[in-house]
Amino acid sequence: SSLPVREAHLLHELILVSAARTPDAQALTAGSTHLRYAELADQVRSFSQGLMGTGLARASRVGIYLDKRIETVVGSFGAPAAGMVFVPMNPLLKPEQVGFIMADCAVSVLLTSPERYALLQPTLAQGSSLKHIVLTEGAAATLPPPPEGVRLHSWTEFMVAPACAGHRVIDADIVAILYTSGSTGRPKGVVLSHRNMVAGAKSVASYLENHAQDTLLAALPLSFDACFSQLTTAFHSGARVVLLNYLMPRDV
């Protein structure tokens, strides 16, 4: 529909530019699942369209409370593609900590798993800004119903929304809010623009001399800027990222 982007200025364009340049190159591996750049770009667009289908405003907050998996990455880049703001939450956080972050920055959409959704039940009832919950697997009949006024979606259903463009975005717009660990008090949200994250990706890729044949291992939680930078650096370079949820050093 629109002309292909030749250089990334917005976060999601890091994937779109590499997809236009090398569509068949490996982009992302999680366990036995592998996505090529073209496939990853398609999923990012689909998630963006799902968000637009909710009717939410530009710069709405999209909370992501998941371990490292394909949906975590797609949500993190799909929210910016819709002109919204992603809020990654450390998967090790307790429900009350998640509730604090969701209230602090007024999360409108929560992307999580059925298991985590069940644990969050007492917290979700307190959130006044929450409108939609997207579950990585189908909404099983055994799961508790969402709070009043909140709609529950399955990932599969969310990803087949009609095609539509995202809200208008410029590189000075907010793209993400990353929260500190809260080890010295309440977690604080650090606000980042598209320009911040894209400039960081290009800078790191430059001094590490990353190239398209590289494989980067993402082992830290994606809520940490250093680990999320492995995604942006790899996607800028056209390299592959391997997601790892590890328990012991030998897993690495």
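These numbers were taken from a predicted model, which means no experiment stands behind them.

## Some thoughts on the pattern of salt bridges
Then comes step 1: With the rule as written, the count across this model stands at nine salt bridges.
Then comes step 2: Of the charged contacts, one joins Arg 36 and Asp 24 as a salt bridge, the two residues approaching to 2.5 Å between their closest N and O atoms. A residue pair is termed long-range when its members are at least 10 positions apart, and Arg 36 in strand β2 (residues 33–36) and Asp 24 in the loop between α1 (13–21) and β1 (26–30) qualify at twelve residues.
Then comes step 3: In this structure Arg 36 comes out as partly exposed when scored by relative accessible area, which is 27%.
Then comes step 4: Looking at Asp 24, the relative accessible area reads 58%, which means it is exposed.
Then comes step 5: Taking the shortest distance from any N to any O, the salt bridge between Asp 173 and Arg 58 comes out at 2.7 Å. With Asp 173 in the loop between α7 (155–158) and β8 (174–179) and Arg 58 in the loop between α2 (37–53) and β3 (61–65), the pair connects residues that are 115 residues apart, well separated along the chain.
Then comes step 6: Judged by its relative accessible area of 17%, Asp 173 is buried.

## Focus on the sheet that holds strand β10 (residues 215–218)
Then comes step 1: One open sheet accounts for four strands, arranged β2-β1-β11-β10; its pairing is mixed. Edge positions in the sheet fall to β2 and β10, since each of these pairs with one other strand and no more. Each neighbouring strand pair of the sheet contributes to a mean axis angle of 15°, computed without reference to strand direction.
Then comes step 2: Here β1 pairs with strand β11 (residues 240–243) via three bridges, running parallel.

## As for the pairing of strand β6 (residues 132–135)
Then comes step 1: Where burial is concerned, the two faces of β6 agree: the one with His 132 and Val 134 and the one with Ile 133 and Leu 135 are both buried.
Then comes step 2: Inspection of the sheet shows strand β5 (residues 107–112) paired to β6 by four bridges, in the parallel sense. Of the residues in β6, the one forming a bridge with Val 109 is His 132.
Then comes step 3: With four bridges connecting them, β6 and strand β7 (residues 151–154) associate as parallel partners. Paired with Leu 135 across the bridge in β7 is Ser 154.

## As for the nonpolar core
Then comes step 1: If you look at the biggest cluster of nonpolar residues, it comprises 55 residues, and the most contacted ones within it are Leu 28, Leu 40, Leu 51, Phe 77, Phe 86, Leu 231 and Phe 235.
Then comes step 2: The element contributing the most residues to this core is α2, with seven residues.
Then comes step 3: Membership of the second largest hydrophobic core comes to 22 residues, among which are Met 102, Leu 110, Tyr 117 and Val 150.

## Digging into the side chain of Asn 90
Then comes step 1: Here Asn 90 shows up in the loop between β4 (85–88) and α4 (95–104).
Then comes step 2: From its side chain, Asn 90 meets the backbone nitrogen of Leu 92 in a polar contact 2.9 Å long.
Then comes step 3: Setting aside chain neighbours within four positions, we find Asn 90 in contact with Tyr 65, Pro 221, Ser 223 and Phe 224.

## Looking at α4
Then comes step 1: Considered for burial, the residues of α4 that qualify are Val 98, Gly 99, Phe 100, Ile 101 and Met 102.
Then comes step 2: Buried residues along α4 sit in contact with β3, β4, β5, α6 (121–124) and β8.
Then comes step 3: Positive backbone phi, approximately 60°, marks Ala 106, located one or two places after α4.

## Quick look at the packing of helix α8 (residues 194–207) against helix α9 (residues 225–237)
Then comes step 1: Contact geometry for α8 and α9: axes closest at 8 Å, N-to-C directions at 70°. Between α8 and α9, the angle falls in the class roughly perpendicular. Across from Met 197, Ala 201, Lys 202, Val 204 and Ala 205 in α8, the residues of α9 making contact are Phe 228, Ser 229, Thr 232, Thr 233, His 236 and Ser 237.
Then comes step 2: Of the residues contributing to the contact of α8 with α9, the split by class is five nonpolar, five polar and one charged.

Procedures and definitions
Residues numbered from 1 in each chain as written. Predicted model: local features only at pLDDT ≥ 70, side-chain atom pairs only at ≥ 80, totals over all residues. Heavy atoms only, no water. Salt bridge = Lys/Arg side-chain N within 4 Å of Asp/Glu carboxyl O. Helix = DSSP H or I, 4+ residues; strand = E, 2+ residues; numbered from the N terminus. Buried < 20%, exposed > 50% of the residue type's maximum accessible area, 1.4 Å probe, protein only. Pairing = 2+ DSSP bridges. Axes fitted to C-alpha atoms, helices over the stretch in contact; angles between N-to-C directions. Core = buried A, V, L, I, M, F, W, Y, C linked by side-chain atoms within 4.5 Å. Polar contact = N/O pair within 3.5 Å; in protein donor to acceptor, adjacent residues only side chain to side chain. Contact = heavy atoms within 4.5 Å. Parallel < 35°, antiparallel > 145°, perpendicular 65-115°, else oblique. Nonpolar A, V, L, I, M, F, W, Y, C, P; charged D, E, K, R; others polar.

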